[in-house]
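Results of the structural survey
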Amino acid sequence: MSEVKISAATRTEFGKGAARRIRREDKVPGVLYGHGSDPLHLTLPGHDLLMALRTPNVLIALDIDGKSNELAIPKAVQRDPLKGFLEHVDLQLVKRGEQVNVEIYVHTEGELAPGGNLLEHVLNALPVVAEATHIPESVTVSVEGLTAGDSVLAKDIALPKGTTLDVEEDTVVLQVLAAQAEEAAEGEEAEGGEAAEA
């Protein structure tokens with residue numbers, strides 16, 4: 001997993017007005033918390049942070065005011081719902097060797113069995129526990145040949161070394177649904193339409 005270095009500055013101004021001023025300078029207000037320490041309010045460079053957050057569960061090496069270096073992972077990111085720019089970020093302080101709770105994306109590969117079945121992602125991200133400096137970005141699951149009624153449970157997913165599940169082993173992550181439900185609904189609509197015409 002990659003480690004991204006970002007320079008941050010502590011901030012003393014709070015509230016909506018201060019946050020707007022920070023964002024006008026292409027910076028993002030944020031909070032660093034964890035390990036029982038008081039939350040540290042930061043200002044982070046907008047572009048650098050945006051690029052770093054493209055990597056899921058990115059490990060950020062923070063250079064704070066040029067005095068202290070801390071490791072952190074993003075825990076909550078607020079974006080503008082219309083324009084998509086970063087409004088605020090919560091960062092969790094971590095230490096090398098520490099186990100952290102994170103979610104990793106579940107990607108699929110392969111083709112379902114013929115028959116027009118549908119694959120449902122019950123969980124888009126899998127809760128796991130991993131070492132802070134070795135958090136996997138994602139896991140890939142083969143759905144090759146699965147048919148209606150088949151499912152993939154959390155315990156069926158091969159996790160990278162040092163990563164363990166943070167959900168019950170029997171939690172359904174993916175399931176294959178029969179396509180007939182959709183066809184039946186269309187048939188009912190057709191029947192309803194004929195009744196209305198009569």
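Predicted model only: the values in this text are computed from it and were never measured. (Residues numbered from 1 in each chain as written. Predicted model: local features only at pLDDT ≥ 70, side-chain atom pairs only at ≥ 80, totals over all residues. Heavy atoms only, no water.)

Our next topic: the overall build of the protein. The number of helices and strands found in the protein is three helices and 13 strands. Burial statistics for the protein: of 198 residues in total, 34% are counted as buried. Intrachain contacts of the protein at a sequence separation of at least 6 include 64% that bridge at least 24 residues. Just so you have it, the protein exposes about 11,700 Å², and 49% of that area is on carbon and sulfur atoms. (Helix = DSSP H or I, 4+ residues; strand = E, 2+ residues; numbered from the N terminus. Buried < 20%, exposed > 50% of the residue type's maximum accessible area, 1.4 Å probe, protein only. Contact = heavy atoms within 4.5 Å. Areas by Shrake-Rupley, 256 points an atom, 1.4 Å probe, with all protein chains shown as cover.)

Let's shift gears to the sheet that holds strand β7 (residues 99-109). Taken together, four strands build an open sheet; the order of strands is β10-β7-β9-β12 and the sheet is mixed. Pairing within the sheet leaves two strands with one partner each, and these edge strands are β10 (138-142) and β12 (164-165). Relative to β10, β7 runs parallel, the two sharing five bridges. Bridging from a neighbouring strand, Glu-109 pairs with Ser-142 of β10. (Pairing = 2+ DSSP bridges.)

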